[in-house]
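Structural features, examined
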Amino acid sequence: MAAQTKVLLIDDETEFASALAERLRLRKYSAKAVYHAEDAAEIVRSDMPDVVLLDFRMPGMDGIEVLKQIKAIDATIEVIMLTGHGDVHSIEEAMKEGAYEYIMKPFNIGDLIMKIDAAKEKRDSSR
């Protein structure tokens, strides 16, 4: 049996992030939620996720900065950006910095699952 996909969710909306992590665990993913962008790099180093779900807009450090840190730690970790704001410039910048994909909030859990699975496949093929 294949190992569980490790998903790290970084979002300052604690209720949203913890509920989404729980929904992913119910679907047999290993999911962890982090609520502060500043904690992300340390957790990525210690727990090495396969896929990161990263909110664009957070207090303090923004999603692009966190994305750069994650890619500096391990360029094969795939990052899916989550945004509630359809800011085309931010999306383009994230893709340029190595984001795998983005998804608009609110989203369909089935669509997110497909993106997570595709991101994991890409990571596995690049290692």
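One structure accompanies this document, and this report is about it.

What follows covers the overall build of the chain. Looking only at helices and strands, one finds 5 helices and 5 strands in the chain. Its helices and strands taken in sequence order, the chain reads β-α-β-α-β-α-β-α-β-α from the N to the C terminus. What you see for the chain is a C-alpha radius of gyration of 13 Å, in line with the 14 Å of a compact globule of 127 residues. By its C-alpha atoms, the chain is 40 × 30 × 25 Å across when sized along the principal axes. Counted over contacts in the chain with a minimum sequence separation of 6, partners at least 24 positions apart contribute 64%. For the chain, the accessible area works out to roughly 6,600 Å², and carbon and sulfur atoms hold 51% of it. The chain carries 17 positive and 24 negative side-chain charges, and their two centres are separated by 5 Å.

Moving on to the pattern of salt bridges. When charged atoms on two side chains of opposite charge get close, those side chains can pair. Evaluated as defined, the whole model comprises 13 salt bridges. Across the pair arginine 25 and glutamate 22 runs a salt bridge whose closest N-O atoms are separated by 3.1 Å. With arginine 25 and glutamate 22 both in helix α1 (residues 14-26) and 3 residues apart, this pair spans about one turn of that helix. Between aspartate 74 and arginine 123 there is a salt bridge; the shortest N-O distance is 2.9 Å. Here aspartate 74, found in the loop between α3 (63-73) and β4 (78-83), pairs with arginine 123, found in helix α5 (residues 109-126); they are 49 residues apart in sequence, far enough to count as distant. Since its relative accessible area comes to 2%, arginine 123 is described here as buried. Three or more residues are tied together by salt bridges with common partners; here these are Asp50, Asp74, Lys120, Arg123, Asp124 and Arg127.

Our next topic: the packing of α1 against α5. When two helices pack together, you describe them by how their axes are tilted relative to each other and by the distance separating the axes. Close contact between α1 and α5 brings their axes to 12 Å; oriented N to C, the two are set at 70°. Taken together, the axis directions place α1 and α5 in an arrangement best described as roughly perpendicular. By crossing handedness, the relation of α1 to α5 is classed as right-handed. Facing Leu20, Arg23 and Leu24 of α1, the residues of α5 in contact are Ile109, Leu112, Ile113 and Ile116. Residues of the contact of α1 with α5, tallied by class, amount to 6 nonpolar, no polar and 1 charged.

Ranked by internal contacts, the top residues of the largest apolar core, which has 22 residues, are Ile10, Val52, Leu54, Val66, Ile70 and Met81. At the level of elements, β1 (6-10), α2 (37-47), β3 (51-55), α3, β4 and α4 (88-96) are the ones that each hand at least two residues to this core. In this structure, leucine 54 is in contact with Ile10, Gly63, Val66, Leu67, Val79, Ile80, Met81 and Leu82, ignoring residues within four places of it in sequence. With 19 residues, the next largest nonpolar core counts Leu20, Ala31, Ile80 and Ile116 among its residues.

What counts as what
Residues numbered from 1 in each chain as written. Predicted model: local features only at pLDDT ≥ 70, side-chain atom pairs only at ≥ 80, totals over all residues. Heavy atoms only, no water. Helix = DSSP H or I, 4+ residues; strand = E, 2+ residues; numbered from the N terminus. Rg over C-alpha atoms; globule rule 2.2 N^0.38 Å. Contact = heavy atoms within 4.5 Å. Areas by Shrake-Rupley, 256 points an atom, 1.4 Å probe, with all protein chains shown as cover. Lys, Arg positive; Asp, Glu negative; His and termini not counted. Charge placed at Lys NZ, Arg CZ, Asp CG, Glu CD. Salt bridge = Lys/Arg side-chain N within 4 Å of Asp/Glu carboxyl O. Buried < 20%, exposed > 50% of the residue type's maximum accessible area, 1.4 Å probe, protein only. Axes fitted to C-alpha atoms, helices over the stretch in contact; angles between N-to-C directions. Parallel < 35°, antiparallel > 145°, perpendicular 65-115°, else oblique. Left-handed = near helix turned anticlockwise from the far one by under 90°. Nonpolar A, V, L, I, M, F, W, Y, C, P; charged D, E, K, R; others polar. Core = buried A, V, L, I, M, F, W, Y, C linked by side-chain atoms within 4.5 Å.

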